[in-house]
Amino acid sequence: MFVTAAYAQSTTTEGAVTHDAAAGEVHTETGVAQEGGHGSGVFPPFDTSTFASQLLWLAITFGLFYLLMSKVVMPRIGSILETRNDTIARDLDDAARSKAEADAAIAAYEQELAAAKAKGNAIASTAREAAKAKATADRTAVEVSLNNKISAAEARIADIKTKALADVGAIAEETATAVVEQLIGGKVSKAEIASAVKASAK
Amino acid sequence: MAGDKVDPVHQFVVNKIIPIEIGGIDFSFTNASLFMVATLAVATAFLYFTTSTRSLVPGRMQSVSEISYQFIASMLREGAGSHGMKFFPMVFSLFMFILTANMLGMIPYFFTVTSQIVVTFALALFVIGTVLVYGFYKHGLGFLNVFVPSGVPGILLPLVIAIEVISFLSRPISLSVRLFANMLAGHITLKVFAGFVASLGTLGALGIGGAILPLIMTVALTGLEFLVSFLQAYVFAVLTCMYLNDAVHPGGH
């Protein structure tokens, strides 16, 4: 085994190694490697001679990592997430408030619309009532005046009738007088003729 | 024997880059250290720069960061309740660190930090240690209720307590070995199948024809390994949440 020399080389050798193998060299089994795996001849992870150094450097690097995480990185990510949650919560609140405002506006609009409708209906109905009342009043006025006219006309007709009837009497008397004068040539008293006319008119 | 270089275990070897030795102990900056630093840098840079605009409406990358954050937050809240949220930075760091380390490991020639048992075991001990320290600090000896499930008949109690103690002690082992073994096995499998492709490819026309099968395998396994990388980070985080629940609510089961 000429392994020891090979293992003394740095890790970079490993790069060359695979290429060498590809170029025509033969690999070996794990068992062979373990025999001469390291200078001290043990399986590398169990080589206690490296433990102290590994522990020290782990303590340094992990300690520093822990410090950086707890003091710098985690507070930062935490604050980013917190800010985001706050912003989202605030935006949701704003949205809820805006929605409430919009709802209120819609309700107010509906209410005003209803009020306006009611007012419109009221105006329309009062107008209708007023028009109806006026129409009724007009009609009654017209009826009254027509009735008056009718009754006046009837009165005049009656008047004329009575006057005419009265005239009929006078005409009959005159005619009777004239007829009597022609027939008997004598004068007849007005009273006699009047009573005779009256008697015959009945 | 140069072929030994296509060794599936070679990728787990820790190499010194800058040798450092303090008090006789080797603290060298190795390739493992390099990729721990890379994990730290990549994860932090991603989370930092994707959220730098702080957009109210996130872009894709900012979403990824935010989703990771919320994912872990909800996982922890479900696992350990709102009292457990004080461990949020810990669980988030663990998840992001392991996830980034696993994902970086998927890049060819990159070292997989989480394929080292010592790393995963240290992370698991960190979790269990936190549970123990917080549990005893917060509840005193009442934390021991965690080993005494309610509604168990008196005769069975010693047996149940013994089982609970063993299961508690096995937690760091199962937590660390699960992550370590998954990453290790996945990378070895990938390497073996990819190695087949390379070696069969050298055997002429028939070999190239035969190499198609392991190639398909390699592609499929790569997809699977990405899934495993995420899943193991997720499992580690979920179990961390469950264990933390014991520390927060010791009598809660």
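Quantities reported herein were computed from a predicted structural model and do not represent experimental measurements. (Residues numbered from 1 in each chain as written. Chains lettered and ligands numbered in written order. Predicted model: local features only at pLDDT ≥ 70, side-chain atom pairs only at ≥ 80, totals over all residues.)

1. A closer look at the overall build of chain B
If you tally the helices and strands in chain B, you get six helices and four strands. For chain B, the sequential pattern of α-helices and β-strands runs β-β-β-β-α-α-α-α-α-α. Across its three principal directions, the C-alpha atoms of chain B cover 70 × 55 × 45 Å. Long-range contacts, defined here as pairs at least 24 residues apart, represent 65% of the contacts in chain B between residues at least 6 apart. (Helix = DSSP H or I, 4+ residues; strand = E, 2+ residues; numbered from the N terminus. Contact = placed C-beta atoms within 7 Å.)

2. So, the overall build of chain A
Along its length, chain A carries five helices and zero strands. Across chain A, helices and strands are ordered from the amino to the carboxyl terminus as α-α-α-α-α. Of all 202 residues assigned to chain A, the portion counted as buried reaches 12%. (Buried ≥ 20, exposed ≤ 12 C-beta atoms within 10 Å, placed from the backbone.)

3. Describing the packing of helix α2 (residues 60-80) of chain B against helix α6 (residues 204-248) of chain B
Residue and element names in this part refer to chain B. Contact geometry for α2 and α6: axes closest at 8 Å, N-to-C directions at 40°. It follows that α2 is oblique to α6 by the angle criterion. Pair α2 / α6 crosses with right-handed handedness. Together, Ile72, Met75, Leu76, Gly79 and Ala80 of α2 and Ala237, Val238, Cys241, Met242, Leu244, Asn245 and Val248 of α6 make up the contact between the two elements. Classifying every residue of the contact of α2 with α6 gives 10 nonpolar, two polar and no charged. (Axes fitted to C-alpha atoms, helices over the stretch in contact; angles between N-to-C directions. Parallel < 35°, antiparallel > 145°, perpendicular 65-115°, else oblique. Left-handed = near helix turned anticlockwise from the far one by under 90°. Nonpolar A, V, L, I, M, F, W, Y, C, P; charged D, E, K, R; others polar.)

4. Looking at the packing of helix α5 (residues 157-201) of chain B against α6(B)
All names here are of chain B. In the contact formed by α5 and α6, the axes pass within 8 Å of each other and the chain directions differ by 170°. The angle between the axes of α5 and α6 places the two elements in the roughly antiparallel class. Between α5 and α6 the crossing geometry is left-handed. For the contact of α5 with α6, a count of residues per class yields 20 nonpolar, nine polar and three charged.

5. As for the environment of A:Glu154
As for its placement among the helices and strands, A:Glu154 is situated in helix α4 (residues 51-184). When the C-alpha positions of A:Glu154 and A:Ile171 are compared, they lie 25 Å apart, and in sequence the two are 17 residues distant.

6. Re unusual backbone geometry
Residue and element names in this part refer to chain B. Unusually for a residue other than glycine, Arg54 sits at a positive phi of about 50°. Counting through the fold element by element, Arg54 comes out in the loop between α1 (31-50) and α2. Positioned with a positive phi, Tyr109 is a non-glycine residue whose angle comes to about 70°. Structurally, Tyr109 can be placed in the loop between α3 (88-105) and α4 (117-139).

7. Observations concerning the nonpolar core
One finds B:Val91, B:Phe95 and B:Ile98 to be the most contacted residues of the largest nonpolar core, which totals 57 residues. Mapped by element, the contributors of at least two residues to this core are α4 of chain A together with α1, α2, α3, α4, α5 and α6 of chain B. Core analysis: the second largest hydrophobic core is formed by six residues, B:Phe193, B:Ala194, B:Val197 and B:Ala198 among them. (Core = buried A, V, L, I, M, F, W, Y, C linked by C-beta atoms within 7 Å.)

8. A word on the confidence of the model for chain B
Residues and elements named next belong to chain B. On average, residues of chain B score 89 in pLDDT, and 97% of them are at 70 or above. For residues 1-5, every residue scores under 50 in pLDDT, and the model assigns this stretch 18 contacts once sequence neighbours within four places are set aside. Across the interfaces of the predicted complex, the ipTM metric reaches 0.89, alongside a pTM of 0.71. (pLDDT = per-residue confidence, 0-100.)

9. A look at α4(A)
All names here are of chain A. Over its 134 residues, α4 extends 188 Å from the first C-alpha to the last, a length consistent with the 200 Å expected when each residue adds 1.5 Å. Most pronounced at Met69, the bend in α4 amounts to some 45°. Within α4, only 12 of the 134 residues are buried, which leaves the element largely exposed. Of all the positions in α4, only Phe51, Ser53, Gln54, Trp57, Leu58, Thr61, Phe62, Phe65, Met69, Val73, Ile77 and Ile80 are classed as buried. (Expected span 1.5 Å × (residues − 1). Bend = angle between axes of the 7 residues up to and from the residue.)

10. Focus: α3(B)
Residues three or four positions apart in an α-helix share a direction because the helix packs 3.6 residues into each turn. Spanning 18 residues, α3(B) covers 25 Å between terminal C-alpha atoms, matching the ideal 26 Å at 1.5 Å per step. By the criterion of burial, α3(B) is predominantly enclosed, with 15 of the 18 residues buried.

11. A look at the confidence of the model for chain A
Residues and elements named next belong to chain A. Taken over all residues, the pLDDT of chain A has a mean of 80, while the share at 70 or more is 79%. Per-element mean pLDDT across chain A ranges from 39 in helix α3 (residues 30-36) up to 92 in α4. Across residues 1-39, confidence stays below pLDDT 50; counting only partners more than four residues off in sequence or on other chains, it has 71 contacts.

12. Here's the deal with the environment of A:Ile193
Residue and element names in this part refer to chain A. Inspection of the secondary structure puts Ile193 in helix α5 (residues 190-201). In this structure the C-alpha to C-alpha distance between Ile193 and Lys134, which are 59 residues apart in sequence, comes to 61 Å. When residues no more than four places from it in sequence are discounted, the contact partners of Ile193 are Glu173, Ala176, Thr177 and Val188.

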